[in-house]
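Inside the fold
Residue strings, one per chain:
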2 protein chains.
Amino acid sequence: MASSQKSIALVGSGNWGSAIAGHIGEKIRDLKGQYNERLLMWCKEETLDDGRKLTEVINKEHENVKYLPDKKIPENVIAEPDLIKAVKDADILVFVIPHQFVKETCEKLKDKIKKDAFALTLVKGFYVDEKTNELQLVSEIITKTLNIPCLSMMGANIANEVAEKVFCEATIGSRDDKHSETVRELIDTPVFRLRFYPDVEIIEMLGALKNVIAMLAGFSEGLEAGFNTRAAVLRLGFREMINFCRLYKKESTPDIYLESCGIADLIASSLGGRNYNGAKKKAETNKSLKDIEKEDLNGQSLQGPGTAKEAYQFLEGKKLLDQFPLFRDAHLICEDKIKPKVFLENLSKHPEFDRKQ
Amino acid sequence: MASSQKSIALVGSGNWGSAIAGHIGEKIRDLKGQYNERLLMWCKEETLDDGRKLTEVINKEHENVKYLPDKKIPENVIAEPDLIKAVKDADILVFVIPHQFVKETCEKLKDKIKKDAFALTLVKGFYVDEKTNELQLVSEIITKTLNIPCLSMMGANIANEVAEKVFCEATIGSRDDKHSETVRELIDTPVFRLRFYPDVEIIEMLGALKNVIAMLAGFSEGLEAGFNTRAAVLRLGFREMINFCRLYKKESTPDIYLESCGIADLIASSLGGRNYNGAKKKAETNKSLKDIEKEDLNGQSLQGPGTAKEAYQFLEGKKLLDQFPLFRDAHLICEDKIKPKVFLENLSKHPEFDRKQ
C-alpha cells in the first residue's frame, strides 16, 4: 500500500450506510490505487435469527442481509465489528449512524483516530441541550469531540434506490476546497451527482427536519386528504424548515434550499421514505409509531419522531411554537396527544397566511 | 339589485372553470348581497351524446356533467352560451379557457365589456410571437386587447379536489390593493387560502411551465425510475422554470417561487395532475399523447405539450436550449422525436452540475 493512499472508514452499516458503502467501495475500486481499496465499515455486531454473526455474513456473502437485503456490496467493503479497528487508520470518516448514538460513538473515538483526518456526516438528526436549550448539530459534536473538520452530505437518496444505481443527486456542505475535491472523487458519479455549498450546518439540518414534514405528508395521505392538501403541507412545511434553519444560522444563499438537500429530499422522502410510510400507516390504522416500527422496520427506527421531539423542545424553549404549527402538531401526533386530522384542520390558520409578502 | 353590487362573470366552464365557478358562487351567495349573486359562466355550447345541450343540463341539474361530473354547482351559477351576454355587465372577468382560445376570445370581447372592469386569469399557457420570438402572456393579451387590468391566480388546485372542498391554497398576482381585496372577498375561504404578490406575470408563467415538468415526472414514473430520480427531475425542472421566468422578468422576491403557484403547484401536478397521468401512460404504453388525450380526457386537452412547444420555440430562438435540457427534451418527447428514457440519460449532464454555487 503506497503511503500516499488515503483510507476511508464508514461509521455505521444500516440501510443507508450499506448503500453508500457499496457506492464508495465501487468508486475507489475503479480509481485503481488512488485510495486504499479496503473500505472498512464499522458494523455493530448482531446475531441473526439463524445464529450467524452479521459481520461474518456481510464479509462472506457481500450483502447486508438484515438492513439492505438483496443488494450486493463490493468485496472491498469489509464489515468490522470493532469500532476502533475500523477507524484508526482512516483519513476520511463517514458517519452514518442513527443520531442518538453520535455522542457515545464520538466519545469512544476520542484520541483513537488520525489527527489530520476529516469527517463527513450523513446522520439525520440533532440534539437540544437540556440546560441551555441550544441546538447541537452532529457535525459540531464530531468536530468538538474529535477535533477534526466535518462536512455534511444530504439529498434525495433513498438507500435502496442508490443501491440500484438509479440517478440521484446530493448536496455537500464543505468550507474546504481540498476536502470538497476528495469527496467529489469518492462519491460523484454519473448516477450520483454532487453540488457543493459552504452551509455545512444548514444542509445537515434540512436532512433532519425533512423527516418531520415527510411524516405529515404521510398522515395527510393516510387521511386521504388529496394532492392539493399534500402539496400545501409540503410547501408550508418547507417554509417552516427554512425558518427553523434561520433560527440557527443565516444561509450563504437562499438557493441552498432549492438544492437536493432541500426541496428534492423533502419530495423524495414524502413520496416513499420510511417516515412517510410509517406515518401513513399510523393515520390509516391508529397504531402507535412504536408498534409500526416493530412491525415494519426490522430493527431500524423512524427518525422523524425523534427529530420532531427535539424540534418541539427547542421551539417551546424559544416560545416560538405558534410560528411552527406543523412542527408542533407533528410532535403532538407522534406522542398521540392529538389525532392526525387535527393538523389538517389547523392548516388554514397557518401564520404564513398572516404574513405580508 | 343595488347599483353598488358588483357582478362576476366566468369566461370558461371546463373542469377547472366549473370548480372555481362553484367555489366563487358559494362565496358570493354567503356574502349576502355584497355581490350580484347571479354568477354568469360562459359555456361554449355543446350537444351531449344524449342530444341535450350542455348549458341546459348545467342550469337544470346544477352539474357540469361533461367536465366536472358528480360535483354539484350552486344554483346561482348560470351557464350562458352567449359570450357577450355572459360578460357585458361584469365588473370582474375570470378567464379560465384553454390558452389557445385566448386571443380570439379577447377579440370578440373588445368594446363589449364594462370600461372599469378588471380581469383575473387562471389560464395556463402563453404564446410566442412568430416574428419577434417574444413571449406573449395571457394577462398581457387581455390587458392589451380589452384595456383593463389583469390579475393572475395559480396554485396547487387540482379541480376535482377543489370541488370536494379539501384544503388548498393559491397565489394571486396583483399590483392593485383594491383589486386584491376584491379577489380576497371572492375566493379566500378557510379551505382555499390566498397569498398575494405583485408578480402577475411570473405567477402566470409558473402555472404554465409546471405542466411541462409534471409531464417529465410522469415519464419518469412510467419508466419506473424511482423516487430519487423523480425528486431530481422536479428539482432540476423547478430550477429551469425559475430560470425561464427570469428570462422574461425579475421577480419581486425569490420567495415567490416557494409559494403555491411555484413549488406547491409543481408538486401537486406531479403527483396526480392530468399532464402527469398522460405522460406516465405514454412512457408505459408508447402511445402518442394525442391518442391518450382521446382515450382519457373526454374532450379536454393536455396543456403540457403546447406549453413545451412554445417554450422550445422561445428558447431555440434565444439559442438557450442547452441551458434548458429538460424543457428541450420534454418537447422532443411530446413530438416523438426522442424516447422518454433519453431525458433520464441526459440528467447527469444537466448544466446545473457545472454551475458554481
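Just so it is clear, the model here is predicted, and its values are computed rather than measured.

All names here are of chain A. Examined against the element boundaries, Asp265 turns out to sit in helix H10 (residues 260-272). The buried category is assigned to Asp265, whose relative accessible area is 3%. Of note is the side chain of Asp265, whose polar atom sits 2.8 Å from the side chain of Lys210.

Turning next to the pairing of strand E5 (residues 118-121) of chain B. Looking along a regular strand, one sees side chains alternate from face to face of the sheet. Residues and elements named next belong to chain B. Residues Phe118 and Leu120 line one face of E5 and the alternating positions Ala119 and Thr121 line the opposite face, and both faces are buried. Bridge count between strand E4 (residues 92-95) and E5: four bridges; the pairing is parallel. Across the sheet, Leu93 pairs through a bridge with Ala119, a residue of E5. Handedness of the crossover joining E4 and E5 through helix H4 (residues 102-109): right-handed. Bridge count between E5 and strand E8 (residues 150-154): three bridges; the pairing is parallel.

Residues and elements named next belong to chain A. The assigned domain composition of chain A is domain 1 (8-197) and domain 2 (202-354). Each of domain 1 and domain 2 has a C-alpha centre, and the two are 25 Å apart. Summed over both sides, the interface between domain 1 and domain 2 buries roughly 2700 Å², with carbon and sulfur atoms accounting for 57% of that surface. Taken together, the links from domain 1 to domain 2 amount to two salt bridges. A salt bridge links Arg195 to Glu259, with the nearest nitrogen and oxygen atoms 3.0 Å apart. There are 12 residue pairs in polar contact (both at pLDDT 80 or more) connecting domain 1 and domain 2.

On the chain B side, the residues contacting the 49 residues of chain A number 49 residues. With both chains or domains summed, chain A and chain B bury close to 4300 Å², and 58% of this area falls on carbon and sulfur atoms. On the chain A side of the contact with chain B, Phe167, Asn228 and Gln357 of chain A bury the most area, a combined 17% of that side's loss. Connecting chain A to chain B are 14 salt bridges. Its salt-bridge partner being Arg235 of chain A, residue Glu169 of chain B comes within 2.7 Å of it at the nearest N-O pair. At the junction of chain A and chain B, the tally comes to 24 residue pairs in polar contact (both at pLDDT 80 or more). Contributions of two or more residues to the side of chain A that touches chain B are made by helix H6 (159-163), strand E9 (168-173), strand E10 (192-197), helix H9 (227-248) and H10 of chain A.

A few words on the pattern of salt bridges. Counting across every chain of the model gives 78 salt bridges over all chains. Across the salt bridge formed by Lys88 of chain A and Asp89 of chain A, the nearest N and O atoms sit 3.2 Å from each other. Owing to a relative accessible area of 47%, Asp89 of chain A belongs among the partly exposed residues under this scheme. Look at the salt bridges and you will find they share partners, linking Glu169, Arg195, Asp255 and Glu259 of chain A together with Arg235, Arg239, Glu352 and Arg355 of chain B into a network.

For the pair chain A and chain B, the superposition axis carries a translation of 0.0 Å, the fit reaches an RMSD of 0.0 Å, and the rotation angle comes to 180°. What the superposition gives is, in effect, a two-fold axis relating one chain to the other. Both copies present the same face, since 100% of the interface residues in chain A are matched by interface residues at the equivalent positions in chain B.

Residue and element names in this part refer to chain B. The strand order E3-E2-E1-E4-E5-E8-E9-E10 describes an open sheet built from eight strands, whose pairing is mixed. The sheet is open, and its two edges are formed by strand E3 (77-80) and strand E10 (192-197), each paired on a single side. Strand-to-strand twist across the sheet, computed as the mean angle between neighbouring axes with direction ignored, equals 25°. Across the face of the sheet, helix H8 (residues 200-222) comes into contact with E5, E8, strand E9 (168-173) and E10 while running at roughly 40° to E8.

A few words on the packing of helix H8 (residues 200-222) of chain A against helix H14 (residues 325-334) of chain A. Residue and element names in this part refer to chain A. Across the interface, H8 lies against H14 with an axial gap of 10 Å and an inter-helix angle of 70°. The angle between H8 and H14 places the two elements in the roughly perpendicular class. Where H8 crosses over H14, the two elements pack in a sense that is left-handed. Between H8, through Leu209, Val212, Ile213, Met215, Leu216 and Phe219, and H14, the contact on the second element is made entirely by Leu326, Phe327, Ala330, Ile333 and Cys334. Here the contact of H8 with H14 is built from residues that sort into 11 nonpolar, no polar and no charged.

Strand order in the open sheet formed by eight strands is E3-E2-E1-E4-E5-E8-E9-E10 (chain A), with mixed pairing between adjacent strands. This sheet does not close on itself; its edge strands, each paired only once, are strand E3 (77-80) and E10 of chain A. Within this sheet the neighbouring strands show an average axis-to-axis angle of 25°, counted without direction. Strand direction decides the pairing type here: strand E2 (residues 39-42) of chain A and E3 of chain A, joined by four bridges, are parallel. Residue pairing across strands places Met41 of chain A opposite Ala79 of chain A, the latter belonging to E3 of chain A. Across the sheet, H8 of chain A lies against strand E5 (118-121), strand E8 (150-154), E9 and E10 of chain A, angled at about 40° from E8 of chain A, the strand it touches most. Strands E9 and E10 of chain A of the sheet are contacted by helix H9 (residues 227-248) of chain B, whose axis makes an angle of about 70° with E9 of chain A.

In this section: the side chain of Glu259 of chain B. Within the secondary structure, Glu259 of chain B is located in the loop between H9 and helix H10 (260-272). On the basis of relative accessibility, which here comes to 0%, the residue Glu259 of chain B falls in the buried class. Within polar-contact distance, the side chain of Glu259 of chain B engages the side chain of Arg235 of chain A at 3.4 Å. Discounting residues that sit within four places of it in the chain, Glu259 of chain B has contacts with Arg235, Arg239, Glu352 and Arg355 of chain A together with Thr171, Arg195, Tyr197 and Ala264 of chain B.

All names here are of chain B. By the burial criterion, the buried members of helix H7 (residues 177-187) are His179, Ser180, Thr182, Val183, Leu186 and Ile187. The arc that holds every buried residue of H7, seen down its axis, measures 160°, which confines them to one face. Opposite the buried face of H7, at more than 90 degrees from it, the exposed residues are Asp177 and Lys178. A distance of 2.8 Å separates the backbone nitrogen of Lys178 from a side-chain oxygen at the start of H7, and that oxygen is part of Asp176.

Residue and element names in this part refer to chain A. Mapped onto this numbering, the UniProt entry annotates "active site" (unreviewed entry) at Lys210. Tracing the sequence through the fold places Lys210 in helix H8. The residues contacting Lys210, other than those within four sequence positions of it, are Lys124, Met241, Asp265, Leu266 and Ser269.

What follows is about the UniProt feature "domain: Glycerol-3-phosphate dehydrogenase NAD-dependent C-terminal" (unreviewed entry) in chain A. UniProt's entry tags residues 199-344 of chain A with the feature "domain: Glycerol-3-phosphate dehydrogenase NAD-dependent C-terminal" (unreviewed entry), counted in the numbering of this structure. A distance of 32 Å separates the end C-alpha atoms of residues 199-344 of chain A, which is 73% helix and 0% strand.

Looking now at empty space enclosed by the protein. In the structure shown here, the tally under the stated rule is one cavity of 30 Å³ or more. Surrounding the largest cavity, Arg230, Leu234, Ile267, Ser270 and Leu271 of chain A together with Arg230, Leu234, Ile267, Ser270 and Leu271 of chain B form its lining. Where the lining of the largest cavity is concerned, the elements lending two or more residues are H9 and H10 of chain A together with H9 and H10 of chain B.

Rules used in this analysis
Residues numbered from 1 in each chain as written. Chains lettered and ligands numbered in written order. Predicted model: local features only at pLDDT ≥ 70, side-chain atom pairs only at ≥ 80, totals over all residues. Heavy atoms only, no water. Helix = DSSP H or I, 4+ residues; strand = E, 2+ residues; numbered from the N terminus. Buried < 20%, exposed > 50% of the residue type's maximum accessible area, 1.4 Å probe, protein only. Polar contact = N/O pair within 3.5 Å; in protein donor to acceptor, adjacent residues only side chain to side chain. Pairing = 2+ DSSP bridges. Right-handed = clockwise from strand over helix to strand, strands pointing away. Domains from an automatic or database assignment. Buried area = accessible area lost by both parts, 1.4 Å probe. Salt bridge = Lys/Arg side-chain N within 4 Å of Asp/Glu carboxyl O. Contact = heavy atoms within 4.5 Å. Least-squares fit on C-alpha atoms with pLDDT ≥ 70 in both. Axes fitted to C-alpha atoms, helices over the stretch in contact; angles between N-to-C directions. Parallel < 35°, antiparallel > 145°, perpendicular 65-115°, else oblique. Left-handed = near helix turned anticlockwise from the far one by under 90°. Nonpolar A, V, L, I, M, F, W, Y, C, P; charged D, E, K, R; others polar. Arc of directions from axis to C-beta. UniProt positions renumbered as here; feature names shortened; annotations may be inferred. 1 Å grid on protein atoms, 1.4 Å probe; cavity = no way out; pocket = protein on both sides within 12 Å on 5 of 7 lines; lining within 4 Å. Points joined across faces, edges and corners; volume = space filled by probe spheres on them.

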